[in-house]
Amino acid sequence: MKKTIPLTLIFIAGLLGVISFVIPHPSYQVYDEWIRNDLLRVLSAFAVVLALGSLLRVHFDKIKRKRKNWQFSWLLLIAFGGSAVVGLFGGVAADGVLPTAVGSFQFDIQTLYENIVIPLASSMFALLAFFMASAAYRAFRVRSMEATLLLVAAFIVMVGVLPMGYSISKHLPGFVQWILNVPNVAGQRGIVFGIALGVVATSLKIILGIERAWLGGGE
Amino acid sequence: MITILLCALVGLAPPTDIRVFDAPSDGGGVIVVEWNLSADDASIDGYDIYRSDNGIDFSKVGFIGKSRSSYSDQTEDGVVYQYKVAAVSDTLLAFSEPSTEIASEASWINVGKINIYIAMVIFGGLILYFIYHARRGKKLFIRKIAGLQAIDDAVGRATEMGKPILYTLGLGYIEDIATIASLNILGEVAKKTAQYDTKLIVPNADPIVYTVAREIVKESYTKVGRPDAYDPDSVFFLAREQMAYAAGIDGIMTRERPATNFLVGYFAAESLVLAETGAATGAIQIAGTDALAQLPFFVTACDYTLIGEELYAASAYISKRPLLLGAIKGEDWAKVIIAAALIVASVIGLLSRFPILNLFQ
Amino acid sequence: MKLYERLMTIDRRIIYGILLGVVTLPLIFPSVVKVTPMSPVEKLFTAVDNTTNDKALILDCSYSPQIKAEVEPMAIAVLRHAFKTRKKILVLSLYVEMIGLATRAINQVVEEFNSNAQTYEDSLIYGRDYVFLGWQPPPIVPMLGMGESISNIYVVDYYGNQTDTLQMMERIRNYNDISILVALSGSRIPISWVAYAQNRYGLAVGVGCTAVSGADFYPYYQTGQFTGLMVGMKGAAEYEELVEANYGVKGRRVASEAMLSLTYAHLAIILFIVIGNIGFFLHRRRK
């Protein structure tokens, strides 16, 4: 029973999805819209509550048990509470019941986002440069024929895209374009075909209830 | 009247042969109007489209630039309309004859996608055929996938070292196939950690994926008879924002020093941020994604990488269930058909420059 | 520790330190490096350049703050090109959080031109030379809707003017009057432009994207679905180069200034790879 209900549900939902692709008539599309937009949104709203509950529980627990670096959990809880209050009562464009500015100092949700979240996210993004260097150093070793080919291609592209690429040889930038346009695209297309068919097969397996590892596995 | 006279004087030619039809294979509410271009098309501004529901009073419903000869009009289903099209040049208008009467209606079957239906039937049929074969006990071969082969060792290593295993599902939503495939692998990994009594950490970026992941892990622990070993806080929600999620996982990696990291699912720019931090902590890393742009990063920074469909095939590979293997066999044959079609079409296209390739548009 | 071991296991902090040095030093003392434009950027430049008087181009500034460093120079270079050659230009963003960045880019370039303008004719006038349409959610609505009528989708522009009352918009009604759309983005937005606006209305689409997402877009460039392609900081620098070389537009060239950083960073990475491989080679010979 515990398995039958979800499997039946997924079969019906999957079938309805396929049918909506075939039948454009509004009398059917209305239901499809309802499932995809309204129902899914309601479900995700519940999931958000569960998720935030999980976040808070983990950190309260960490503080209670004084686990490693538990002090930072306070930081999270304060930031969480602070931004929730500002966001819920301050309004999106500082139009809520809560004043979101003291003199020229603004702390509405947009300002918080622009001045805290964006710089932090940009810094994380910038780390990529450093990580790329160390990953390339460790990984690019001429271990085998394939690795050597990869290394040579990487070298050509790296040098070729540099401003000095043209001065090394005027054919180099063109060759780099060829590598990007032909072997790169060919490889990508191959993978994309595999992915597209994999998506079809996986969807079919899920709809038919053959794939049920997501239910905890089993026959 | 004056306008028409003016047109006659300056000789602005109207569009001719107005054809109207109900837009095919749609949800109704659209009529397509087509016409032959005005003889003065090169010098005009464009075309005004006029509509009437009584055949007498025409009012303007749209404008379209010159050298275009079709317009899709939003209509009310069941109402009978007539159309006129006027060539426009500054303030001058040259009207066509009115069209025949037409009403729009919704279609029940989308015949425009017939090529997709055929493909669906062929591929679906192939997959079902091989599943049926597998069910009858035919042995099916699946090639070795190193990344999946390594799962056992990876869990064993963590157990020996007394360190946890980190499993991240990436940024994907529940409807992404990569996420579903990753959840399948998570189920298998969780069974192993339950058996070995190894700590499992599953941080999540999406609320729905989080709830599903939690159920899967719980179910896996129950399945192997260790419900007592399941820690409800092992699966938790971390952050929805991309880089906040990455920073959070990096923090877990450096604090908890997991022996094994699984980075399986949909990833974007944070892929290398995670993989490289994991490599720095000395963990064995098994990655898998169908996000093409992130594959090079995983290949360079991780020990094993599942590329695209290898990820989807994982649950068949791990469980070795014949039904799942049958589906993979079906997929392979579908690929053979696509490859053959591509080769044939390319050869024909090259040889005769015959527009056979249009079939695939 | 043997020499080869040292070469093979350079501490990552040393790598990070050296990379930090080679990236930041050239940025502290900036100088412009000449680049040779490659064909994907040249094709985009030519397509913008060929915009006739009766048409306009659309610049879609849908880049997030995280990738501003890479993509904003592209927006500025395209705007300089368009304004210098007096092309009419429509700017928009598909997401609300990107509006601020689009405004920044427009204001900067308009200010550059107007501070040098001598006459009213020379100046860039809002509504006559350029229009900022703003933001209209969800993205698919403007993508499809502008094929029929731009002013029906953007009834008012970003500043609240009735779009169809603006002088420039009298002649610019839908995609038929657009020469090319240049989509600047780090996501899959440019592919959506192809799927909706190009497939249905035949709109030409050019793209500016981050270096990381470049590989994703090459298949579309190869098939001609993207008229041209600017990839990463280098692509932006190439466009800057074309604008200055062809039209002598002066102004700070942020991407070209970063080329030295980019060059040194690439060379540093190549050097590390070479060192690692020397170590690996010695190690193999020893065995």
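What counts, and where the lines are drawn
- Residues numbered from 1 in each chain as written.
- Chains lettered and ligands numbered in written order.
- Predicted model: local features only at pLDDT ≥ 70, side-chain atom pairs only at ≥ 80, totals over all residues.
- Helix = DSSP H or I, 4+ residues; strand = E, 2+ residues; numbered from the N terminus.
- Buried ≥ 20, exposed ≤ 12 C-beta atoms within 10 Å, placed from the backbone.
- Contact = placed C-beta atoms within 7 Å.
- Rg over C-alpha atoms; globule rule 2.2 N^0.38 Å.
- Domains from an automatic or database assignment.
- Nonpolar A, V, L, I, M, F, W, Y, C, P; charged D, E, K, R; others polar.
- Core = buried A, V, L, I, M, F, W, Y, C linked by C-beta atoms within 7 Å.
- Axes fitted to C-alpha atoms, helices over the stretch in contact; angles between N-to-C directions.
- Parallel < 35°, antiparallel > 145°, perpendicular 65-115°, else oblique.
- Left-handed = near helix turned anticlockwise from the far one by under 90°.
- Pairing = 2+ DSSP bridges.

Draft legend 1. Summary view of the overall build of chain C. Looking only at helices and strands, chain C has eleven helices and six strands in total. Structurally, chain C occupies a C-alpha span of about 80 × 45 × 30 Å along its principal axes. Taken across its 287 residues, chain C has 48% of its residues classed as buried. In chain C, once contacts between residues fewer than 6 apart in sequence are set aside, the share between residues at least 24 apart is 74%.

Draft legend 2. View of the overall build of chain A. When its secondary structure is counted, chain A shows eight helices and two strands. Counting helices and strands in the order they occur from the N terminus, chain A gives α-α-α-β-β-α-α-α-α-α. For a compact globule of 219 residues, the expected C-alpha radius of gyration is about 17 Å, and chain A comes in at 27 Å, more than 25% above that figure. Counting only C-alpha atoms and orienting by the principal axes, one finds that chain A spans roughly 65 × 60 × 45 Å. The buried share of chain A, taken over its 219 residues, is 22%. For chain A, the share of sequence-separated contacts (at least 6 apart) that also reach a separation of at least 24 residues comes to 19%.

Draft legend 3. Local environment of the domain arrangement of chain A. The domain architecture assigned to chain A consists of domain 1 (1-55), domain 2 (68-139) and domain 3 (141-200). On a C-alpha basis, the centres of domain 1 of chain A and domain 2 of chain A stand 33 Å from each other.

Draft legend 4. Expanded view of the interface of chain B and chain A. On the side of chain A, 54 residues touch chain B, which itself brings 58 residues to the contact. For the side of chain B that touches chain A, a count of residues per class yields 32 nonpolar, 15 polar and eleven charged.

Draft legend 5. Representation of the domain arrangement of chain C in the model. Residues and elements named next belong to chain C. By domain assignment, chain C separates into domain 1 (1-32 + 256-287) and domain 2 (33-252). Taking only C-alpha atoms into account, the centre of domain 1 sits 37 Å from that of domain 2. Listed by partner, the interface residues are six residues for domain 1 and seven residues for domain 2. Residues belonging to the side of domain 1 that touches domain 2 are distributed by class as follows: five nonpolar, one polar and no charged.

Draft legend 6. View of the nonpolar core. Core analysis: the biggest nonpolar cluster contains 196 residues, and Ala-213 of chain B together with Val-91 and Leu-181 of chain C have the highest contact counts within it. Considering every element that reaches this core, the biggest residue donor is helix 4 (residues 109-139) of chain A, with eleven residues. Setting aside anything within four residues of it in sequence, one finds Leu-181 of chain C in contact with Ile-58, Asp-60, Trp-193, Ala-197, Leu-203, Ala-204 and Val-205 of chain C. Counting 20 residues, the second-largest nonpolar core is a separate cluster that includes Ile-49, Tyr-83, Ala-86 and Val-88 of chain B.

Draft legend 7. Broad picture of the packing of helix 10 (residues 232-247) of chain C against helix 11 (residues 254-286) of chain C. Residues and elements named next belong to chain C. Their axes nearest at 8 Å, the elements helix 10 and helix 11 cross at an angle of 135 degrees. When the interaxial angle is binned, helix 10 and helix 11 end up oblique. Of the two elements, helix 10 crosses helix 11, and the hand of that crossing is left-handed. For the pair helix 10 and helix 11, the contacting residues are Met-233, Lys-234, Ala-236, Ala-237, Glu-240 and Glu-241 in the first and Ala-255, Ser-256, Ala-258, Met-259 and Leu-262 in the second. Looking at the contact of helix 10 with helix 11 residue by residue, the class counts come to seven nonpolar, one polar and three charged.

Draft legend 8. Quick look at the sheet that holds strand 4 (residues 178-185) of chain C. Residues and elements named next belong to chain C. The strand order across the open sheet built from six strands is 3-2-1-4-5-6, with neighbouring strands paired in parallel fashion. Because the sheet does not close on itself, it has two edges, and the strands there are strand 3 (130-135) and strand 6 (226-231). Averaged over all neighbouring strand pairs, the angle between strand axes comes to 15 degrees, with direction disregarded. Relative to strand 6, strand 5 (residues 205-209) runs parallel, the two being bridged by four bridges. Bridge pairing links Gly-208 to Met-230 in strand 6. Taken strand by strand, helix 9 (residues 211-222) contacts strand 5 and strand 6, and its axis lies near 165 degrees from that of strand 6. Running at roughly 110 degrees to strand 6, helix 10 makes contact with strand 5 and strand 6 of the sheet.

Draft legend 9. The sheet that holds strand 2 (residues 30-36) of chain B, seen in detail. All names here are of chain B. Ordered by their spatial adjacency, three strands build an open sheet running 1-2-5, and the pairing between neighbours is antiparallel. For this open sheet the edge positions go to strand 1 (16-22) and strand 5 (70-74), each flanked by a neighbour on one side alone. Each neighbouring strand pair of the sheet contributes to a mean axis angle of 20 degrees, computed without reference to strand direction. As judged from the five bridges shared by strand 1 and strand 2, these two strands associate in the antiparallel manner. Opposite Thr-16, over in strand 2, you have Asn-36 as the bridge partner.

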